[in-house]
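# A structural walkthrough
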Amino acid sequence: MLKQIRKLVGVTLCNTWGINVARYSKDKKKVTNVWMLAISFLILACMGVTYITMLAYGLNQIGLADIIPAYILMITSLVILVFSILKARSILFQMKSYEMLISLPIKPAAIVASRFISMYIGNVVLSLLTVVPSSIVYGIYQRPNSWFYVMMAISVFLLPLIPMTIATAIGALIIAISSRMKHKNLVTIVLSTMLTMAALVASFGMSSKSTNIDTGALAKLSTILTKQIYALYPPARLFSQGIINQDMVSFLAFVLISIGVFLLLVLIVQWKFVEICSAINARATKNNFVMKEMKASSALMAFYKKELRRYFSSSIYVMNTAIGYIMMVVACIAMRVMGVDELEETLQMTGVIHKALPLVMAGMCCLIPTTICSISLEGKQWWIPKSMPVSTKTVLDSKILVNLTIGYPFVFLSAIILFFTIRTSIIGYIMLVLVPIVYILFMSVVGIAINLRMPMFNWESEAVVVKQSGAGFISMLVSLIIIAVPGVLIAVLGNMDSNSIMLITIVVLGLLTLLVYRDNNKKVLSTIQ
Amino acid sequence: MLQIKNITKRYKGGKEAVSNLSLDIQAGDIYGFIGHNGAGKTTTIKAVVGIIDFDEGDILIDGESIRVSPINCKKKLAYIPDNPDLYEHLTGIQYLNFVGDIFEVSAKDREDKIRRYANDFEITSVLGDLISSYSHGMKQKLAIISALIHDPKLLILDEPFVGLDPKAAIILKNTMRSLCEQGSAIFFSTHVLDVAEKLCNKIAIIKNGKLMASGNTNELTKGQSLEDVFMEVADHA
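Residues numbered from 1 in each chain as written. Chains lettered and ligands numbered in written order. Predicted model: local features only at pLDDT ≥ 70, side-chain atom pairs only at ≥ 80, totals over all residues.

By the naming in an unreviewed UniProt entry, chain B goes by ABC-2 type transport system ATP-binding protein and is assigned to Anaerosporobacter mobilis DSM 15930.

As recorded in an unreviewed UniProt entry, chain A goes by the name ABC-2 type transport system permease protein, listed as coming from Anaerosporobacter mobilis DSM 15930.

Here it is, written out as structure tokens:
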């Protein structure tokens, strides 16, 4: 069985990360796309490592070095948890390839195990990116003995197990609940959003407590923070005691619990695998259709309606692209309830909201536009628009319109809340609406441009397109740049009115949008494959 | 109606999938396109309907080049692929309505045609269900209906009989004949030589991307079965 698992994991990884395309494809464009994906991933990894290094350094500098391991465990676990909840549905419980594999002489347990391991490998990479830099910082300043490094090295492989277990259990629970409902996807989206928001709020809550430093109360703060981490994530106590106090019993307990719960989960999933897969893939059929009067619409409207239905048919697509908007509205409500000053402290953005609130809103709106994967998500159906008598513009406009339809109501809702929350000039109020609107439009059009150049039609799981595509990574980089540049300018040119900087930014972005939009529409769909 | 003029399609790496291929399909023709797996049938068909680009030559539909006036050309044709990958998140009726909108079929017209063809193919009751719940055959029937609702002048089908039940296959054959009698042209690929022999007035045989034989079915077979002719051309040419 081990041989089967090894083979299946190899095949899954080759498929997921484009390894075979890079090695064997004769299509230079596809090979370039794989390398672009790798480079984008590397850049994001570098940014993540920098963040963790600075975080560990900061904690060390304020005398909270002892909580670094537990803190890193907490952050890593939360990130893995959020990323794994939806992956569980689209990777672990994917029925399509299961049906093909089960007809071969492969044990079902091998299929389940291989899928867990494929997910696990990705999470170990994430764990490496957080544990290694934080351990180095801790090692440089605290000079622990060699056991610390041995235990941290072991921990890299253990950290993902518990959050993966929790994520899979939650994923299965969501499936169990939603499969009994009429609107399965809607229930999945709502439940997943609530859980993700809870995880994010928890992590922000933790961050705020660690940076709101009163130097006279560091010892007290350390105790509060430690207690909070332990309360939120009990295994952190065993882990921390094991690493910091070199308590072998605690560390062994952490090892055994991590491996134990994971193995238990694998056994349970294996036992209920087919039932869970069937619940996901079951389609209600009414078989009682009666023809009614039909209505005609324009080609653009037809494509737009089709795109909108496509969007809401995929919970992973909605979750990934709408989370920024939901966060924006939640932040606006929090601002109304808590006040701007307290929210700035909670989000570790002292002074930022006062100076560049429209930019903060735009940042939340434009990270992952729906357009970034809307062409790839056509998948095997890409032949339909290509063979139809419609212009490239009509097809692409419908995809842009969907992103605007999703994003703009959230912007207006947030602006209304902010109108009753903050006091600013008329220009300030206009900017609150105008800046996010222009950013969303820009990213919608740029998303199309990126996806046209890096399409991925041969996918088995939507998660690969939505979460792991090169286009997605490039889009995140672009949005970080367009937020960072005016952000830095506002910080550096302190004397200049921030509204003026934002105005110049949106004029530039508006012009760029126009240029990219024209270029997109010149593309011939038959050449995109 | 359809002129394929010396088209060549090379895939990445330089391999020629279709080599200098020329065909002339006229109104009223039911033109069969046969060949081994990988002979270049699907590539040719995809180039004709504008799904893939080609490197040399030209394709004219009703006198217009698919490269110069793709939208005008596509308005006149309908295409049914070998694998009916349709929008799974739409219901059958939503998909047909979508196609009707794109081809600008009036609401009344599309309603009449959907009613008629859906009844013929016996899928009216499931039109309100998501396409993802359909079997392969049902998807194939839906693809056929969507191709027929705008009265195409040129109908292009890639292996249309795969997955169809016997009754649906008979209805499709009759519909193809009826369309041709009304002046449309049909160009389709198939591996079922028996069907091609009985249904087509013209046939083309392709091997390794090159046209090996073409012409009127009767002239091509000369009293032999199409199976014998095909084996002869495919093995010895």
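Another point: the overall build of chain B. Along its length, chain B carries nine helices and ten strands. Relative to the 2.2 N^0.38 estimate, which gives 18 Å for 237 residues, the radius of gyration of chain B is 18 Å and therefore close to what a compact globule would have. With respect to the three principal axes, the spread of C-alpha positions in chain B is 50 × 40 × 35 Å. In chain B, buried positions account for 50% of the 237 residues. Here the analysis covers contacts within chain B between residues at least 6 apart in sequence; of these, 71% occur between residues at least 24 apart. (Helix = DSSP H or I, 4+ residues; strand = E, 2+ residues; numbered from the N terminus. Rg over C-alpha atoms; globule rule 2.2 N^0.38 Å. Buried ≥ 20, exposed ≤ 12 C-beta atoms within 10 Å, placed from the backbone. Contact = placed C-beta atoms within 7 Å.)

All names here are of chain A. For chain A, the assigned domains read domain 1 (1-179 + 221-282) and domain 2 (298-529). Each of domain 1 and domain 2 has a C-alpha centre, and these two points are 29 Å apart. Each partner contributes to the interface: domain 1 provides 16 residues, whereas domain 2 provides 14 residues. Mapped by element, the contributors of at least two residues to the side of domain 1 that touches domain 2 are α1 (2-17), α3 (28-61), α4 (68-92) and α5 (95-102). (Domains from an automatic or database assignment.)

All names here are of chain B. Here six strands make up an open sheet; going across it, the order is β6-β7-β8-β3-β9-β10 and the pairing mixed. Looking at the sheet topology across the chains shown, the edges are occupied by β6 (77-80) and β10 (210-216). Each strand axis lies, on average, 15 degrees off the axis of its neighbour in the sheet, ignoring direction. Inspection of the sheet shows β6 paired to strand β7 (residues 154-158) by four bridges, in the parallel sense. Looking at β7, one finds that Y79 is bridged to I156. Contacts from helix α5 (residues 136-148) reach β6 and β7 within the one sheet, and its direction differs from that of β6 by about 175 degrees. Helix α6 (residues 166-181) rests against β3 (30-35), β7 and β8 (185-189) of the sheet, and its axis sits at about 145 degrees to β8. (Pairing = 2+ DSSP bridges. Axes fitted to C-alpha atoms, helices over the stretch in contact; angles between N-to-C directions.)

A word on the packing of α3(A) against helix α6 (residues 108-142) of chain A. Residues and elements named next belong to chain A. Two numbers describe how α3 lies on α6: the axes approach to 8 Å, and their chain directions differ by 35 degrees. Viewed along their axes, α3 and α6 form a crossing whose handedness is right-handed. Residues A45, G48, V49, I52, T53, A56, Y57 and N60 of α3 lie in contact with α6, whose contacting residues are L129, T130, P133, S134, V137, Y138 and Y141. Classifying every residue of the contact of α3 with α6 gives ten nonpolar, five polar and no charged. (Left-handed = near helix turned anticlockwise from the far one by under 90°. Nonpolar A, V, L, I, M, F, W, Y, C, P; charged D, E, K, R; others polar.)

What follows concerns the pairing of strand β1 (residues 2-10) of chain B. Each regular strand displays side chains that alternate between the two surfaces of the sheet. Residue and element names in this part refer to chain B. With six bridges connecting them, β1 and strand β2 (residues 16-25) associate as antiparallel partners. What sits directly across from K9, in β2, is V18. Adjacent in sequence and paired antiparallel, β1 and β2 are bridged by five residues, among which G13 carries a positive phi angle near 105 degrees. As judged from the five bridges shared by β1 and strand β4 (residues 56-61), these two strands associate in the antiparallel manner. What sits directly across from T8, in β4, is E56.

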